[in-house]
Every structure is written in structure tokens, then in C-alpha cells.
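Residue-level listing of the chains:
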Amino acid sequence: VDGPSRVTIGEEAAFDVFVDVFGGPYAVDDISSVTYLLFDATGAQVESGEATAVEDGLWEVVLSTDTTSALEEGSNRLEVVVVSNLVALPSLGEYQFVTAP
């Protein structure tokens, strides 16, 4: 997971989710779901949703202006869960970023 390290409260923010296997991109058709969970500076879950497929190996999570407006100033955590059609266990990723006015 990669994206901005600092997000302005009230502005849209986009994060890239890279999904690969053996050094190459994981095919979109082989992915069952890419789900995200957003936690604010207090550790409370603020939002969850589905990432959007961009191309093989790349998915995108976009936090709307309404979502970032609800975040407090401080450190936030974006957790991503990838479920494959080919593998029994899901894969997890995490990204931390700061929100400020």
C-alpha cells in the first residue's frame, strides 16, 4: 500500500494497493476482493469499503472529502485485505498517514 504521507482534512486522498505474485502483477480476474478499513487517530474504525481495480496488480482506495473531513488531526491507519480466488488465506497490508488542517 502506498499513498500520501500527509492528507489535508477535507480533501480527497488516493492510495495505491499493489498486489503481486512471484514478482509479477496478480491478475484482476484472480482476485475475489480488495477491502479496506480506515482507522482514525483514536483507533476507531471510521470507514470500510472496496478498492477499485485499475489494472492487473494495481488497485486504488479513494477517501472522499466527506471521509477525510470526519478524521481528527493525527496519525491514521489504512488496512487492506486482499482475498484471492486461487489461495485460501487472505493477504493483509497496512499504511499509516497523518491528517492535518
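Scroll up to find the structure.
Summary of the structure given here.

### Here we look at the environment of Ala 44
- Mapped onto the elements, Ala 44 comes out in the loop between strand S5 (31-39) and strand S6 (45-50).
- Along the backbone, Ala 44 and Val 87 are 43 residues apart, and their C-alpha atoms lie at a distance of 30 Å.
- Other than its neighbours up to four places away in sequence, Ala 44 contacts Leu 38 and Phe 39.

### Description of the nonpolar core
- Counting residues in each nonpolar core, the largest one holds 20 residues, and the members touching the most others are Phe 15, Val 34, Val 61 and Phe 97.
- Taken together, the elements giving at least two residues each to this core come down to strand S2 (13-18), S5, strand S8 (58-63), strand S9 (74-84) and strand S10 (91-100).
- The greatest single-element share of this core, amounting to 4 residues, is contributed by S5.
- Beyond its immediate chain neighbours, meaning those up to four positions away, Val 34 contacts Val 17, Gly 49, Glu 50, Ala 51, Trp 59, Val 80, Val 81 and Val 82.

### Comments concerning the packing of aromatic side chains
- Across all of its chains, the model carries 2 aromatic pairs by this definition.
- Ring plane angle 45° and centroid distance 5.0 Å describe the contact between Phe 15 and Phe 97, whose orientation is recorded as tilted. With a gap of 82 residues between them, Phe 15 in strand S2 and Phe 97 in strand S10 connect regions that are remote in the sequence.
- Positioned above the aromatic ring of Phe 39 is the side chain of Arg 77, whose terminal nitrogen or guanidinium carbon lies 4.4 Å from the ring centre.

What counts as what
Residues numbered from 1 in each chain as written. Predicted model: local features only at pLDDT ≥ 70, side-chain atom pairs only at ≥ 80, totals over all residues. Heavy atoms only, no water. Helix = DSSP H or I, 4+ residues; strand = E, 2+ residues; numbered from the N terminus. Contact = heavy atoms within 4.5 Å. Core = buried A, V, L, I, M, F, W, Y, C linked by side-chain atoms within 4.5 Å. Buried < 20%, exposed > 50% of the residue type's maximum accessible area, 1.4 Å probe, protein only. Phe/Tyr/Trp six-rings, centres within 6.5 Å; stacked < 30°, edge-to-face > 60°. Lys NZ or Arg CZ within 6 Å of the ring centre and 35° of its normal.

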